[in-house]
Amino acid sequence: MAVKKEAREWYKEAVFYQIWVRSFADGNGDGIGDLYGVYDKLEYVKSLGVTAIWFNPLYPSPNADFGYDISDYCNIHPDYGDLDQFKKVLNRAHELGMKVIMDLVINHTSDEHPWFLESRKGGDDNPYKDYYIWRDEPNNWDSIFEGKAWEYDPVRGQYYLHLFAKKQPDLNMDNPAVREEVKKVLRFWLSMGVDGFREDVINFISKKEGLPNGIGFLPIIGSMHNYKDGPHIHEYLAEFRKVCDEYGAVQIGEGPMTTVNNALKYLSGDTKSMDMMFSFDHMMADCLFTEYYHRPFKLIRFKKALSRWQYKLADKAWNSLYLENHDHPRIISRYGSEKFHRESGTALATAYMFLKGTPFIYQGQEIGMTNIRLKSIDDYVDVSTINNYHKYHLKDTVEQRLRRIHLSSRDSARTPVQWDDSENAGFSSAKPWFFVNPNYKTINVAAEEKDENSILNYYRRCVKLREGNSVLLYGDYREYAHDNPFVYMYERRKGRTSCFVICSFTGQPITFMLPKGFAGHSAKMLLTNYPDKRVTGRVGKLPEKGLKLSPYEAMVIKMKRV
Ligand code: NOJ
C-alpha cells in the first residue's frame, strides 16, 4: 500500500487545551478566573503535553452570554486583566512552545457595543445605520437562546435580529464596512502575535436574502435553514482568509448543525476558508438542543457520527476532535459513568484522542470533572439554560425539568476547575463567582498528580503516544464492529502498520468477539486503562475465543498487516 504524503501544517500534530478563563484559575483573589491565574498555570498546561491553547472570549463584555456578547473587540475584560497581562500570557505560552488562538465572535456583538449604540440612532448619514439587521416587521424566526429572533428597539423604532439572546444583535455581514471592521480585528490580534482563531457560529454569518419565514412549527431548526451556510458565506470568508494567510494564522470554524458535505466546502477546494471545523453530530448521541430533547446515550449513534466525519474528510480535509467544551456538559456524566469514573474517563479519552484529526481537551476534562446538580433553576446563570427551562416541557414537574437541566446545562461545564481539596477547590482565595462541584474533595488536580493511574496521567499518556507517531497522526481510519452497541473499535493504518483502538462503553464485563482474521494475530499493547490487568509494551497473541473486556476497558494495540 502506498504511503500518502500529507502536508505537515503545525495544527495537524497539535493538541489544543481550551481555557474558559472565568472558571480556570483566579490569580487576583476576587473569585473570578483571570489571566493572572492563567499565567501561573501555564506550566501545568504545558505538562499535559499540549502544544496550543484556545481562549474563549477574553474581551470586555456585559456577560449576557459570558463573553460571547462583545462590547470591545480590541481589549481585555477588566475581570480578566488587561492587554499587558494578555501579552505576558501570550509570550510565556510561546516560550513554552504553545501556540495561542483567540475566539472570534463576528455573527453578533453585545447590544452595548458602540456600533450598536450608534446604529440604534438610525439616520440616513449615520455610518453605523446598516451595521446590524433592522426591519419594520419581524419574520417568524426563533432565536436560539431567547424567544423570537427579533426585538423592538424604541430608540430606532424598528426590530433588530438576534439569533441568540436579545443582548446579542446580529451584525449585517452583507455590509462591506462591517467586513472591514472584522479585518481590523483580525489584524489587531494577529499583529500582536496570536496564532489564529476559533470562529464562533461562523456558518451563520450570511443570511438568506429577504430573510424569508422559516417553517414555523419546528422550534429553532425551522428557522435555521435561512441563515446556516448562507448564500455569501464563502465570499465573506475568503476575504477573512486572505488576512489570516498574511500571518499564517490557523482558522477553526464552529459549525453548528452543518452537514459534513457542507463542512467540506469550508475545508477544501476553491472555497477553503477553514483549517478545521467543529462538528456537532457526535454531541447529539444523547440530545438535540440539550434542554429541548434529551434521550439516553447510544454508542451506535456516537460511532456513526464520528465515522461519518472520519470517512468523508479522509484525504480531503482535517478533523477537529473534541468531547467537551464550554457548551456541552461533562462527558463522563453523559457518555460515560460517574460510578466508573476513572475507567470511563480514560475510555472516553482513548475513544477520541486517536481518531484522525487534532484533539482538543477542555479545562477539567483531563481530571474527569462531572456535571453539577444544583437544587433550583434560580442557581443557574447560563442564559440558554434559564430560558429553555422556562420554554420547554412546561407540563412536566419541577423535578423532571430540573433533571433535564442536570443532564444538559452548559453551566455544568463552567464550574471552577478543581485544583486541590482546599477551600474553593484551590480555584480562588475568595468565594468563587459560581458553584464549585462538591466532589472536588476527591476529583482534583493535586490528587490526580499523585496517582500514576489517574485520568490526568492517562491523558498525558495519550498525548505522548500520539506525538510523532505517523500511524496515529496520519494513518487511514476504518471502523470495525460498527453494529456492536457496547464496543467502539477502529483502526488507524499507514502502510503495513496499524494501530487498533478498542473501547468498551459499558459498566458490565463483556466478551468482545474480534472481527474475522484478528484471532491469534500477534499484537503489541501500546496503551491500556487497566494497568493491573494488561502490560504496556507486551507482545502477545489476540485471543481466539473473544477478548474479555472489563467495565469501560480501553486499549490501543499495534499490529503488522499483510
Ligand atoms: C457558540 C458559543 O460556543 C456559545 O458559547 C455561544 O453562546 C454561542 N455561540 C453564541 O455566541
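Residues numbered from 1 in each chain as written. Predicted model: local features only at pLDDT ≥ 70, side-chain atom pairs only at ≥ 80, totals over all residues. Heavy atoms only, no water.

Draft legend 1. Fine view of the overall build of the protein. In terms of regular secondary structure, the protein is built from 15 helices and 21 strands. A compact globule built from 562 residues should have a C-alpha radius of gyration of about 24 Å, and the protein, at 24 Å, falls within 12% of that. With respect to the principal axes defined by its C-alpha atoms, the protein has extents near 80 × 55 × 55 Å. Charged side chains of the protein number 76 positive and 74 negative; the gap between the two group centres comes to 10 Å. (Helix = DSSP H or I, 4+ residues; strand = E, 2+ residues; numbered from the N terminus. Rg over C-alpha atoms; globule rule 2.2 N^0.38 Å. Lys, Arg positive; Asp, Glu negative; His and termini not counted. Charge placed at Lys NZ, Arg CZ, Asp CG, Glu CD.)

Draft legend 2. How the structure looks around helix α10 (residues 341-353). In a regular helix each residue adds 1.5 Å, so 13 residues correspond to 18 Å; α10 covers 18 Å between its end C-alpha atoms and thus fits that length. With twelve of 13 residues buried, α10 is to be regarded as a mostly interior element. Of all the positions in α10, only His341, Glu343, Ser344, Gly345, Thr346, Ala347, Leu348, Ala349, Thr350, Ala351, Tyr352 and Met353 are classed as buried. (Expected span 1.5 Å × (residues − 1). Buried < 20%, exposed > 50% of the residue type's maximum accessible area, 1.4 Å probe, protein only.)

Draft legend 3. Spatial organisation of empty space enclosed by the protein. Per the stated rule, a full pass over the model turns up ten cavities of 30 Å³ or more. The calculated volume of the second largest cavity comes to roughly 120 Å³. Surrounding the second largest cavity, Ser279, His282, Ala305, Leu306, Trp309, Gln310, Asn319, Ser320, Leu321, Tyr322, Tyr352 and Leu355 form its lining. Broken down by secondary-structure element, the contributors of at least two residues to the lining of the second largest cavity are α8 (299-313) and β12 (320-321). Counting residues per element, the lining of the second largest cavity draws most heavily on α8, at four residues. Tallied by class, the residues present in the lining of the second largest cavity amount to seven nonpolar, five polar and no charged. (1 Å grid on protein atoms, 1.4 Å probe; cavity = no way out; pocket = protein on both sides within 12 Å on 5 of 7 lines; lining within 4 Å. Points joined across faces, edges and corners; volume = space filled by probe spheres on them. Nonpolar A, V, L, I, M, F, W, Y, C, P; charged D, E, K, R; others polar.)

Draft legend 4. Expanded view of the packing of aromatic side chains. Within this structure, the stated rule accounts for 45 aromatic pairs. Pairing phenylalanine 500 with phenylalanine 518 gives two aromatic rings, centres 4.9 Å apart and planes at 85°, and the pair type is edge-to-face. Residue phenylalanine 500 is found in strand β16 (residues 497-504), and its partner phenylalanine 518 is found in the loop between β17 (510-512) and β18 (522-528); the two are separated by 18 residues along the sequence. Each member of the pair, phenylalanine 500 together with phenylalanine 518, is buried. (Phe/Tyr/Trp six-rings, centres within 6.5 Å; stacked < 30°, edge-to-face > 60°.)

Draft legend 5. View of the side chain of asparagine 325. Following the sequence through the fold, asparagine 325 ends up in the loop between β12 and α9 (331-334). For asparagine 325, a relative accessible area of 8% corresponds to the buried category. A polar side-chain atom of asparagine 325 sits 2.7 Å from the main-chain amide nitrogen of aspartate 327. Not counting residues up to four positions away in its chain, the partners in contact with asparagine 325 are Gln18, Tyr362 and Ala413. (Polar contact = N/O pair within 3.5 Å; in protein donor to acceptor, adjacent residues only side chain to side chain. Contact = heavy atoms within 4.5 Å.)

Draft legend 6. Layout of the sheet that holds strand β21 (residues 554-560). In space, the six strands of this open sheet follow the order β14-β15-β16-β21-β18-β19, with antiparallel pairing throughout. Strands at the two margins of the open sheet, each flanked by one partner only, are β14 (476-480) and β19 (539-541). Taking the axes of each pair of neighbouring strands and ignoring which way they run, one obtains an average angle of 30° across the sheet. Looking at chain direction, β18 and β21 are connected through four bridges and run antiparallel. The residue bridging threonine 528 from the neighbouring strand is methionine 555, located in β21. Sheet strands in contact with α10 are β15 (487-494), β16 and β21, and its direction is about 145° off that of β16. On the sheet, helix α14 (residues 455-466) packs against β18 and β21 and is oriented at approximately 130° with respect to β18. (Pairing = 2+ DSSP bridges. Axes fitted to C-alpha atoms, helices over the stretch in contact; angles between N-to-C directions.)

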